[in-house]
Structures are given as structure tokens and as C-alpha cells.
Amino acid sequence: MPYSSVLFKISIVFAQYSLKNCNLMKICQTKFLGNSWKELSREENFSAQNAQLVLAFGERKLLESNDSYPYLRQQYPSAEIIINSTSGEIYDDTVHDDSIIVTAVEFDKTVVKTTKIDINNHTESFSAGETIAHNLQGDDLAAILIISDGGKVNGSKLIEALNIATNHEIPISGGLAGDAGRFEKTLVGLNEQPTEGRIVGIGLYSKDLKVGHGTMGGWDVFGPEREVTVSEYNVLYKIGDKAALDLYKEYLGKYAKELPGAALLFPLSMRVKPDSEPIVRTILTIDEENKSMTFAGELPKGAMVRFMKANFDHLVEASTTAAQNSIKNMAQSPELALLVSCVGRKLVLGQRTEEEVEAAREVFGKDTVMTGFYSYGEISPLNPNAQCELHNQTMTITTFSEN
């Protein structure tokens, strides 16, 4: 082989090695399962003493029965520690239940600041968003992460307020806490044991932090687009001139007999304005007496809705697209990827759930640390340049790298 070819191959190998080993973030992941903690991975030179951010995603009843916060505080004395309940925990390319997955991050060039607010019901959501945005304002604010109660909050109003207060200039992402498929209560905590009704805002401040976003549902639409004529917050009463539940049953056909369970297979696509990109709304309950449906997100009067149905292959492919979109503006694989998907997708996909996480891993490669959870609502822009939205039945991915 010519000498020049040998030098070229050596230079390629050295460049690949350099890229792999130039990570500025240092990350450690641990897991609580079976009444004990186990370290899953630790990057070289990671210092628990210097970690600034800890994200702990866990099953709600396990969080209630386990004093996870004192343990985490002992391990990470200087970190901002966020704990929330989930409908499934994501580690690497796997999905777990009845566990706590902890990701501790030691940034090199990023400052972390947090704030929290408690609400009693959904009417306080807009003012909560305003307060969080105000508390996190500062020079070099690169991104905001929101980890919110998933039962009492109006996620749409929370995100609307954050968008307005930040002039639509700061990327916002995160999710609403989950409670498996029980929908009883959700828990969120900041530097304490988690509790109901809490919303946590995390500000990341840096000129050197690259943040990417990807969001995709993968549902197939069918039928004409129709206008919401009567609704109240997240309760839909009429579409056009028909009772919402009656029209819904017409389109479901034989699946109408399987309601409310079958509703997970048939969410709604919604556009708030004629020029808006469609977002997904999933159905939580139906009311036979009032012919209404309750959704996991606001459906305002005047919005345009369309029926959707599950296509399992398309749902998994959506994760690939979301991952690809999240790294469009990155020169190399991200150091950290936060995946927030919907409990509805998990219930629909069943045994195929891990396929959507594996699809993201295939895009990122083996060096990106992956974590996340299944939620009651996903918070993310539809694409890297759009404003933040509340989503249902969607895979959302936020990626992070320090230059």
C-alpha cells in the first residue's frame, strides 16, 4: 500500500478517535430496581461532586415508597436534582417499568439554574409559565427544560405563556409526568421528594451548548378536516353541527364498541389556526350522557380537527425521523439525548415499544447517552426552528452537545 494511503487511513482513525473522546459533558447513569441501586454507565473523569444536573425518572408508586432524594443528594451534593413519575423509563435503547433511571450530568461550559412553582388546578397554568420564564431569564440562556405535573396542569397554557414570555426565542422542551396507565396522580420534585401539582423549570446557560429538537407522531389521518364548535378546555362537545362522541363513533365503525380503550388507536389531529402545523391530541375518557370526549390537552373552539389511526410501522419510523431532525444542526453525534414519548404510544405499541427507542439509537450511534420517559404530554417544537407546543401520542427528542 502506498505510504500516502497509509497516512490517510491513520488520519481518519485519529479523527474518529478524537471525535469520540472530545465530549465535554461527562455523564453517569444509575438504576434503582429490586430495592437496590446499580451503576449502569460512567464516563471517564466524571465527578459526582461536580455534577450540576440530575434527572431521575421513576414509577410513581416506587417513588412514593422509596426515599430516593436523600440518596441522590448524598451522591450528588452540588447538583440540581429533578425527580418525576413516569409511564415507563428509558435507558439506552431499552424501556423499563417499576424502576428509577437516574442521569447525572457534569457540564463543562454550561451553567444550570432551576425554579419551581406549585399549582392547585389547570387555571393557574398560564401564570405558572410566566413566573417560570421570569425566574429563568438571564444572559446566555440557551434552552429551557420543563418537567411538569401531568394531572393538574393545562400544558397548552403553560407552554403558551413560556413562548410569549421568552419572545419565542428560547428553545423549550420536556414533558408532563406520568403515572403508568392509571391516571391517578403524578409527582414532580426539585431538590426534594416529589409531590403533586409541581412544575419545574430548568435553565441551561451557555454560548457553547448546542440544542436540537425532533418531533414526530407517525399516525395516519383519514376523513375530512372539521371545526371544533363547542369545547371547554380539554373537553370536546361538538364538531361541526354534530355531538363529538356521535361523530367519533361513526368513524370508528366496529371499534366503537371497544371504547374507551379503542380511543388510544384513534387520536385527533388538531390545527389551532389555518397556518398552524397539526399536533396530536389523545382521548382520555368519553362521556356517553353528554356525548363528549376529554383529551390530554386543550382543544379550543375554532380549531380544526381530523381523525387519525395507528400504523405500527409508521409509529416506529417516526422515532427515526425525530432523531434525524434533532441532529440536523450538529456536526457530530450529540452527547446526550432526552427522549419523551407518550403513554398512549406505549400502550398501543405494546411489545414493540422498544423499537421506537432502538430506532433513535440507530440514528445517534453508540456514543450518545440516551435517557427519557413515557409521559402524559410531550413538550417540544415541531421542528428545530418552530415554537414549542404541547403534544400527545408523539415521540419528542432533545439533543445536547457542548462545543
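Residues numbered from 1 in each chain as written. Predicted model: local features only at pLDDT ≥ 70, side-chain atom pairs only at ≥ 80, totals over all residues. Heavy atoms only, no water.

Turning our eyes to something else, we now look at the sheet that holds strand E24 (residues 377-381). Read across the sheet, 6 strands follow the order E8-E12-E9-E10-E24-E25 without closing on themselves; strand pairing throughout is mixed. Two strands in the sheet have a free side with no partner beyond their single neighbour: strand E8 (111-118) and strand E25 (388-391). Across this sheet, the average inter-strand angle for adjacent strands is 15°, counted without regard to direction. Against the sheet, helix H4 (residues 125-136) engages E8, strand E9 (141-148) and strand E12 (198-205), with an angle of about 155° to E8. Of the strands in this sheet, E9, strand E10 (172-176), E12, E24 and E25 are in contact with helix H5 (residues 155-165), which crosses E25 at around 175°. (Pairing = 2+ DSSP bridges. Helix = DSSP H or I, 4+ residues; strand = E, 2+ residues; numbered from the N terminus. Axes fitted to C-alpha atoms, helices over the stretch in contact; angles between N-to-C directions. Contact = heavy atoms within 4.5 Å.)

In this section: the pattern of salt bridges. Tallied over the full model, the rule gives 21 salt bridges. The partner of arginine 352 in a salt bridge is glutamate 355, and the shortest N-O contact between them spans 3.0 Å. Its relative accessible area of 27% is what places arginine 352 among the partly exposed residues. Taking relative accessible area as the criterion, glutamate 355 reaches 28% and is therefore assigned partly exposed. Sharing partners across several salt bridges, the network here consists of Glu59, Arg60, Glu64, Asp179, Arg182, Glu184 and Lys185. (Salt bridge = Lys/Arg side-chain N within 4 Å of Asp/Glu carboxyl O. Buried < 20%, exposed > 50% of the residue type's maximum accessible area, 1.4 Å probe, protein only.)

The next point concerns the side chain of serine 173. If you trace the backbone, serine 173 turns up in strand E10. With residues up to four places along the chain from it excluded, the contact list for serine 173 reads Ile144, Leu145, Ile146, His213, Ile379, Ser380 and Thr398.

What follows is about the packing of aromatic side chains. Aromatic ring pairs are reported here in terms of the distance separating the ring centres and the angle at which the planes meet. Scanning all chains against the criterion turns up 10 aromatic pairs. The interplanar angle of 50° and the centroid separation of 6.0 Å between the aromatic rings of phenylalanine 222 and tyrosine 251 together place this pair among those described as tilted. Of this pair, phenylalanine 222 sits in strand E14 (residues 220-232) while tyrosine 251 sits in helix H6 (residues 244-252), and the two are 29 residues apart along the sequence. Ring plane angle 55° and centroid distance 5.3 Å describe the contact between tyrosine 255 and phenylalanine 266, whose orientation is recorded as tilted. Of this pair, tyrosine 255 sits in the loop between H6 and strand E17 (268-271) while phenylalanine 266 sits in the loop between H6 and E17, and the two are 11 residues apart along the sequence. Grouped by ring-pair contacts, the aromatic residues Phe222, Tyr248, Tyr251 and Phe307 constitute a single cluster. (Phe/Tyr/Trp six-rings, centres within 6.5 Å; stacked < 30°, edge-to-face > 60°.)

This paragraph deals with the side chain of threonine 110. Among the secondary structure elements, threonine 110 is positioned in the loop between strand E7 (100-106) and E8. Taking the relative accessible area as the measure of exposure, threonine 110 reaches 5% and is therefore buried. Of the polar contacts made by the side chain of threonine 110, one reaches the side chain of glutamate 402; its length is 2.7 Å. (Polar contact = N/O pair within 3.5 Å; in protein donor to acceptor, adjacent residues only side chain to side chain.)

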